[in-house]
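Below are the chains, spelled out letter by letter.
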Amino acid sequence: MMDYKDFENCGLKKALDMLSGKWKPMILYFLFYQGEFRFNDLWRSIPRISKKVLMEHLQEMVGNDLVIRREVNGFPSEVRYALSRKGKALGPVLSALDEFGNTSNLN
């Protein structure tokens, strides 16, 4: 039987902690299928997410090495976000969740 200490060190818990948040799976899904995004373009692509929440989630995912933040010099300068190698490894998981949601009777 797994106790709390074992659960805290469990790979599933670590992964779920990195993905927790209403919008993180959707952000990762867009980055996986659409590639690199400027912040405002990503914000416009995800209906009903606030800029504040998007920024918080992106910062957390950059901190967890799921997303890469890249500043592009120019005028005006811009920031782009893309999946890291670690983030790209979630692609099959996101695809499986998408397929599950589309084929399961989740009503």
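Quick notes on the rules
- Residues numbered from 1 in each chain as written.
- Predicted model: local features only at pLDDT ≥ 70, side-chain atom pairs only at ≥ 80, totals over all residues.
- Heavy atoms only, no water.
- Helix = DSSP H or I, 4+ residues; strand = E, 2+ residues; numbered from the N terminus.
- Buried < 20%, exposed > 50% of the residue type's maximum accessible area, 1.4 Å probe, protein only.
- Phe/Tyr/Trp six-rings, centres within 6.5 Å; stacked < 30°, edge-to-face > 60°.
- Contact = heavy atoms within 4.5 Å.
- Polar contact = N/O pair within 3.5 Å; in protein donor to acceptor, adjacent residues only side chain to side chain.
- Pairing = 2+ DSSP bridges.

**Re unusual backbone geometry**
If a residue is not glycine, its phi is most likely negative; likewise, a peptide bond is most likely trans. Despite not being glycine, arginine 48 has its phi angle at roughly 75°, a positive value. Here arginine 48 is to be found in the loop between α4 (39-45) and α5 (51-63). Taking relative accessible area as the criterion, arginine 48 reaches 77% and is therefore assigned exposed.

**Notes on the packing of aromatic side chains**
Per the stated rule, a full pass over the model turns up two aromatic pairs. Between tyrosine 29 and tyrosine 33 the ring centres are 4.7 Å apart and the planes differ by 55°, which places this aromatic pair in the tilted class. Of this pair, tyrosine 29 and tyrosine 33 both sit in helix α3 (residues 24-34), four residues apart, which is roughly one turn of that helix. Here phenylalanine 32 and tyrosine 33 contribute two aromatic rings whose centre-to-centre distance is 4.9 Å and whose plane-to-plane angle is 85°, an arrangement assigned as edge-to-face.

**Observations concerning the environment of arginine 70**
Mapped onto the secondary structure, arginine 70 falls in strand β2 (residues 67-72). Sequence separation between arginine 70 and lysine 88 is 18 residues; the distance between their C-alpha atoms is 16 Å. Apart from the residues lying within four places of it in its own chain, the contact partners of arginine 70 are Glu36, Glu78, Val79 and Arg80. At a separation of 2.8 Å, a polar atom in the side chain of arginine 70 contacts the side chain of glutamate 36.

**Points about the pairing of β2**
The pairing of β2 with strand β3 (residues 78-83) spans six bridges and is antiparallel. When the bridges of β3 are listed, arginine 70 appears paired with arginine 80. Between β2 and β3, which pair antiparallel and follow one another directly, the connecting turn spans five residues, one of which, glycine 74, has a positive phi of 160°.

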